[in-house]
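Coordinate inspection notes
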Amino acid sequence: MDASIGRTARDHLTGRYVLSLVAFLALVYGVTQDLEMVFAIALGLAFVETISILRETPTVDSRWVGVGLGAFITVASLAWFAWELTAAAGTGGPVWFPAVTSLIGVWFFLDARKDFADGANSHAPDDMDASEMMLVMNHGHLVVEELKHGPKTVLELADACDLTESRVREALDVAIDDGMVYRVDGGPSDDLERYALDESKVGGVAFVRSNGKRIAQRLARPFRR
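Below: a short report on this structure. Nothing here was measured: the structure is a model prediction, and the numbers come from that model. (Residues numbered from 1 in each chain as written. Predicted model: local features only at pLDDT ≥ 70, side-chain atom pairs only at ≥ 80, totals over all residues. Heavy atoms only, no water.)

Running from amino to carboxyl end, helix α2 (residues 15-32) crosses helix α3 (residues 35-56) at an angle of 155°, the nearest separation of the two axes being 9 Å. Judged on the interaxial angle alone, α3 and α2 are roughly antiparallel. Classified by chirality, the crossing of α3 by α2 is right-handed. Facing α2, whose interface residues are Y17, L21, F24, L25, V28, Y29 and T32, α3 presents L35, M37, V38, I41, A42, L45 and E49. Looking at the contact of α2 with α3 residue by residue, the class counts come to 12 nonpolar, one polar and one charged. (Axes fitted to C-alpha atoms, helices over the stretch in contact; angles between N-to-C directions. Helix = DSSP H or I, 4+ residues; strand = E, 2+ residues; numbered from the N terminus. Parallel < 35°, antiparallel > 145°, perpendicular 65-115°, else oblique. Left-handed = near helix turned anticlockwise from the far one by under 90°. Contact = heavy atoms within 4.5 Å. Nonpolar A, V, L, I, M, F, W, Y, C, P; charged D, E, K, R; others polar.)

Here the focus is the nonpolar core. Ranked by size, the top nonpolar core spans 16 residues in total, and within it V143, L147, L157, V168, L172, V181 and L197 carry the most contacts. For this core, the elements supplying multiple residues, two or more each, are α6 (130-147), α7 (154-161), α8 (165-177) and β3 (194-197). Excluding anything up to four places from it in sequence, V181 contacts L147, L172, A175, I176, Y195, A196 and L197. Counting residues in each nonpolar core, the second largest holds seven residues, with I51, L69, I73 and F108 among its members. (Core = buried A, V, L, I, M, F, W, Y, C linked by side-chain atoms within 4.5 Å. Buried < 20%, exposed > 50% of the residue type's maximum accessible area, 1.4 Å probe, protein only.)

On to the packing of aromatic side chains. In this structure the tally under the stated criterion is four aromatic pairs. Aromatic pair W80 and F97: ring centres 5.4 Å apart, planes at 65°, arrangement edge-to-face. Residue W80 is located in helix α4 (residues 62-85), and its partner F97 is located in helix α5 (residues 96-118); the two are separated by 17 residues in the primary sequence. Relative accessible area serves as the criterion here: at 36%, W80 is assigned to the partly exposed category. Judged by its relative accessible area of 35%, F97 falls in the partly exposed class. An aromatic cluster is built from W80, W96 and F97, whose rings are joined through pairwise contacts. (Phe/Tyr/Trp six-rings, centres within 6.5 Å; stacked < 30°, edge-to-face > 60°.)

Two elements in contact, α3 and α4, have axes whose closest approach is 9 Å; the angle formed by their N-to-C orientations is 160°. With respect to each other, α3 and α4 are oriented roughly antiparallel. Crossing of α3 against α4: the hand is left-handed. Contacts between α3 and α4 involve F47, I51, L54 and R55 on the former and, on the latter, S62, V65, G66, L69 and F72. A per-class count over the contact of α3 with α4 returns six nonpolar, two polar and one charged.

The next point concerns the side chain of K114. Secondary-structure assignment places K114 in helix α5. The class for K114 is buried, based on a relative accessible area of 14%. Apart from residues no more than four positions distant in its own chain, K114 is found in contact with R221, P222, R224 and R225.

Here is the structure:
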């Protein structure tokens, strides 16, 4: 299992990707001059990346990742909530925020419970887990931004976006289903098939229309029978 996690981490944390995270943290420090904020953001990014790597590792049961994530968020949020309620120790921050994040932790618990009830270690394409959905949406954004420069093949998109071909195809499948991307022409093989962007489907309204329903259905999943 350790070897599988290591391979997934190497595939996920490419040199270009890590440099982009470092550049982002440097930008945050340049704007805020606040090392504590940079440290807090770095911890948050490390946590998110760890969850993503575990989710993508085939030998790791994603249901237990959901349980661990829910436990961490819930316990941390309740501790924060108790801290804010203590007048002498409170930071003066909004008490409602840790209360809301604790509910998010409970949602992860319920979502993992739904997975165990269904007896599934992975979701169907239209019923993917929350982190996977965010990952696909992020990859979709990268692909769409690259297609604004003109039609490209899967290989060209993978190189330009620093993604694997499977991730590019996954993002393209979602974009094609939403009508945002279409196939331009075919070639002697699928590798030479080009994809283009429908500019009329790009923008804030289009994003809400294409992703709003998907997100709402995903949030309601733990409560469906």
